[in-house]
Amino acid sequence: MKDGRSAGSAHDADVAIVGAGIVGATLALLLGQAGMRVMLVEGRESATRWQPDSAPEPRVSALTPVSQQLLSGLGVWPTIAASRLMPYTGMQVWDAEGNGEIQFSAEDSGVPVLGHIVENRVTLAALEKAIDACPAITRCFGARVAGMALPRSGATSVVNAYQLDAAEATSLTLTDGRTVTAALVVAADGARSRLRELAGIATREHDTGQVALVATVRTELAHQAVARQRFLPTGPLAFLPLAVNDALAQPAEGASAAERHCSIVWSTTPEEAERLLALSPAAFCSELEDAFEGQLGAIEWASERFSFPLHQRHAEDYVLPGLALVGDAAHAIHPLAGQGVNLGLMDVAVLADELLAGHRRGVALGDERWLARYRRRRRSDNAMMLKMMDGFRLLFGSRQPGVRLLRNFGLGFVDGQGELKRILMRQAMGQRGELPTSCKP
Ligand SMILES: Cc1cc2nc3c(=O)[nH]c(=O)nc-3n(C[C@H](O)[C@H](O)[C@H](O)COP(=O)(O)OP(=O)(O)OC[C@H]3O[C@@H](n4cnc5c(N)ncnc54)[C@H](O)[C@@H]3O)c2cc1C
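Residues numbered from 1 in each chain as written. Predicted model: local features only at pLDDT ≥ 70, side-chain atom pairs only at ≥ 80, totals over all residues. Heavy atoms only, no water.

**Student:** Got a minute to help me understand the nonpolar core in this structure?
**Tutor:** A general feature of soluble globular proteins is that nonpolar side chains tend to end up buried together. Counting 83 residues, the largest nonpolar core has Ile17, Val76, Ile80, Leu172, Leu195, Leu323 and Leu351 as the members making the most contacts within it. Considering every element that reaches this core, the biggest residue donor is helix H9 (residues 340-360), with ten residues. Beyond its immediate chain neighbours, meaning those up to four positions away, Leu172 contacts Ala16, Val18, Val145, Gly147, Met148, Arg178, Thr179, Val180, Val185 and Leu195. Tyr88, Leu310, Leu336 and Met429 belong to the second largest nonpolar core, which has 32 residues in total. (Core = buried A, V, L, I, M, F, W, Y, C linked by side-chain atoms within 4.5 Å. Buried < 20%, exposed > 50% of the residue type's maximum accessible area, 1.4 Å probe, protein only. Helix = DSSP H or I, 4+ residues; strand = E, 2+ residues; numbered from the N terminus. Contact = heavy atoms within 4.5 Å.)

And the structure:
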């Protein structure tokens, strides 16, 4: 720690984080750069590689300005900016069945950009570079967690509030037989979290009945830094603008292809996704162009396609003595509003705030009553977002004429309300409630 104390010197680490995805890696930096001894356990064998000549990765995230602020404070954003990102200054959302449409612009919202589209691999490589430069973080890659023992139950109910016995630890057993002990274990191991399962934390879960198909495409017309989404009855189809060097862009006729690449996320029924995956490249491009009403002209080229089942899940609890859940391990959300990573980054910013504040007061890192402060600050915000995504999905999935009329009217109405749009945009940009310290400008 900065004041020279260590929260649990008898353990292998103060905090063991399982999962070095974007969320877990960010938490490692938040705690490691503040001086905590962090062990980062990740099942993947190798570090994330990104080279300027790497082809664009189909998995991308729309990072909000608040997430950008967090990553800037950790010294990660300059590496991302020097690699590859696409700032977007406009958003356009419309209904396939009717004329309802809504547009947002950075100018109307009084900000330079609404967010950035960044390939997940670019973000991860930048995070890992910063982790390598942080001596307080030990990387334990190529190791999966097979077992976990939480501190004995009731350990936090000692009379002296927040004084969990410093010897109490959560212990992890790795698949290679090693054991890791830490005052606190954080599960950042994704939507199908093994740690959540080992801890016996139930989830509220439902299958959205949709699969997301992702690919990189080149379009005839330039995307003009606008993120577009068309709501079809089977699910939303998003075109997210990408920045691709001319040298890398797939060969194209005519002018620069750099601004004619998009990452698409096409949410649809599993049967339809299967059919789309099986199409020839030319047939797929033609169907995609139709589904997008030719908004960006012809689809000239599409990369390999990948699909992801879309389940919404919310953990019944985020904390136990010696354990906290963050990111997709705590909540998995439909990607239609591009919020998953951003919510996870808010989780870890809040958790780090609370852990560092608690430590300054001498609270044991695994103390459930202190960890409950994190749960209070994050669970209701995440629950609201999950509900909103469900609402959108049902609203735009309905073919009932009354609902169709209502949503078209609603989109048109909101589009005409400048102040309401600014409020909605601030929400989408992550400016909700009291921001954690690391996210404040
Ligand atoms: C199609 C699609 C599009 C999306 N678009 C956006 C978007 O635009 N914006 C946005 O904010 N979000 C988006 N999301 C959501 C976003 O991708 C997720 O919310 C985010 O990746 C979750 O990050 P995470 O670090 O919590 O989990 P993950 O990225 O799943 O990382 C978990 C890590 O844990 C490791 N791991 C798992 N089990 C173990 C174990 N037992 N032992 C050790 N390690 C383990 C894994 O190897 C992995 O590295 C999208 C999702 C999908 C499916």
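Here the narrative resumes.
**Student:** Would you take a moment to explain the sheet that holds strand E4 (residues 86-88) for this structure?
**Tutor:** What holds strands together in a sheet is hydrogen bonding between their backbones, with the strands either parallel or antiparallel. With respect to topology, three strands assemble into an open sheet ordered E3-E7-E4, the strand pairing being antiparallel. Of all the strands in the sheet, just strand E3 (60-63) and E4 have a single pairing partner and so form its edges. On average, each strand axis in the sheet is tilted by 25° relative to the strand beside it, whichever way the strands run. With four bridges connecting them, E3 and strand E7 (residues 115-119) associate as antiparallel partners. Counterpart to Val60 in the pairing with E7 is Glu119. The strands touched by helix H5 (residues 120-132) within the sheet are E3 and E7, with E7 carrying the most contacts at an inclination of about 85°. (Pairing = 2+ DSSP bridges. Axes fitted to C-alpha atoms, helices over the stretch in contact; angles between N-to-C directions.)

**Student:** I keep staring at the site of the ligand and nothing clicks. Help me out?
**Tutor:** As a matter of local geometry, the ligand sits amid 30 residues, with Glu42, Arg59, Ala62, Asp328 and Val341 nearest to it. Measuring from a nitrogen atom of the ligand, one finds a backbone N or O atom of Val145 at 3.1 Å. In this structure, Asp328 approaches the ligand through a side-chain N or O atom, which is 2.7 Å from an oxygen atom. Burial of the ligand by the protein amounts to 86% of the accessible area it has alone, namely 1000 Å². For the shell around the ligand, the class distribution of residues is 13 nonpolar, ten polar and seven charged. (Near = heavy atom within 4 Å. Polar contact = N/O pair within 3.5 Å; in protein donor to acceptor, adjacent residues only side chain to side chain. Areas by Shrake-Rupley, 256 points an atom, 1.4 Å probe, with all protein chains shown as cover. Nonpolar A, V, L, I, M, F, W, Y, C, P; charged D, E, K, R; others polar.)

**Student:** Could you clarify how one ought to interpret the confidence of the model for the protein chain in this entry?
**Tutor:** The predicted coordinates of low-pLDDT regions are not to be read in fine detail. The predicted model of the protein chain has a mean per-residue pLDDT of 89, with 92% of residues at 70 or higher. Confidence drops under a pLDDT of 50 for residues 1-8, and excluding neighbours within four residues, the segment shows 21 contacts in the predicted structure. Here residues 154-163 scores under 50 on pLDDT; set against residues more than four positions off or in separate chains, the count is 20 contacts. (pLDDT = per-residue confidence, 0-100.)

**Student:** Explain the packing of aromatic side chains to me, please; I cannot follow it from the model alone.
**Tutor:** On inspection of all chains with the given rule, the structure shows four aromatic pairs. When the ring of Trp94 is compared with that of Phe292, the centres are 5.4 Å apart and the planes differ by 50°; the resulting orientation is tilted. One end of the pair, Trp94, is in strand E5 (residues 90-95); the other, Phe292, is in the loop between helix H8 (281-291) and strand E16 (299-302), with 198 residues separating them in the sequence. Given a relative accessible area of 5%, Trp94 falls into the buried group. (Phe/Tyr/Trp six-rings, centres within 6.5 Å; stacked < 30°, edge-to-face > 60°.)

**Student:** Is there a simple way to think about helix H1 (residues 22-32) in this case?
**Tutor:** Structurally, the α-helix is built with 3.6 residues per turn, so residues lying three or four positions apart point the same way. Of all eleven residues in H1, eleven are buried, a share of seventy percent or more. Among the residues of H1, those classed as buried are Ile22, Val23, Gly24, Ala25, Thr26, Leu27, Ala28, Leu29, Leu30, Leu31 and Gly32.

**Student:** Even after reading the chapter, I still don't get a nonpolar patch on the surface, so can you show me in this structure?
**Tutor:** Together, Phe409, Phe413, Leu420 and Leu424 give the surface a local cluster of nonpolar side chains, amounting to about 390 Å² of exposed area. When contributions to the nonpolar patch are tallied by element, the ones reaching two or more residues are helix H11 (401-415) and helix H12 (418-428). Positionally, Leu424 belongs in helix H12. (Patch = residues over 30% accessible without salt bridge, like charges linked within 9 Å, V, L, I, M, F, W, Y side chains within 5 Å. Salt bridge = Lys/Arg side-chain N within 4 Å of Asp/Glu carboxyl O.)

**Student:** How do you make sense of the side chain of Asn382 when you look at a structure like this?
**Tutor:** Note that Asn382 resides in helix H10 (residues 368-397). Given a relative accessible area of 0%, Asn382 falls into the buried group.

**Student:** When you look at the side chain of Ser263 in this model, what are you seeing that I'm missing?
**Tutor:** Its location among the elements puts Ser263 in strand E15 (residues 261-268). A polar contact of 3.3 Å, which involves the side chain of Ser263, links it to the backbone oxygen of Pro58. If sequence neighbours within four positions are ignored, Ser263 has contacts with Pro58, Val60, Ala215, Thr216, Ala238, Phe239, Leu240 and Leu242.

**Student:** What am I meant to see in the pairing of E15 here?
**Tutor:** Note on strand geometry: in a regular strand, side chains alternate between the two faces of the sheet. With eight of eight residues buried, E15 is to be regarded as a mostly interior element. Along E15, one buried face is formed by His261, Ser263, Val265 and Ser267 and the opposite face, lined by Cys262, Ile264, Trp266 and Thr268, is buried too. With eight bridges joining them, strand E12 (residues 203-219) and E15 adopt antiparallel strand pairing. The residue bridging Val211 from the neighbouring strand is Thr268, located in E15. In this structure, strand E14 (residues 235-242) lies alongside E15, joined through six bridges in antiparallel fashion. Across the sheet, the residue bridging to Leu240 is Ser263, located in E15.

**Student:** Can you walk me through the pairing of strand E17 (residues 306-315) in this structure?
**Tutor:** Summarising the sheet, E12 and E17 pair through ten bridges and their orientation is antiparallel. Note that in E17 the partner of Asp207 across the bridge is His311. Both E17 and strand E20 (residues 331-332) contribute to a ladder of two bridges, which runs antiparallel. Bridging across to E20, His314 finds its partner in His331.

**Student:** Looking at this structure, how should I read the pattern of salt bridges?
**Tutor:** It is possible for side chains of opposite charge to pair when their charged atoms get near one another. Evaluation of the coordinates by the stated rule reveals 23 salt bridges. Its salt-bridge partner being Glu128, residue Arg44 comes within 3.4 Å of it at the nearest N-O pair. Within this pair, whereas Arg44 is found in the loop between strand E2 (38-42) and E3, its partner Glu128 is found in helix H5, the two being separated by 84 residues in sequence. For the salt bridge of Arg139 with Asp132, the shortest nitrogen-to-oxygen distance reads 3.4 Å. Through salt bridges that share partners, Glu42, Arg44, Glu128, Asp132 and Arg139 make up one connected network.

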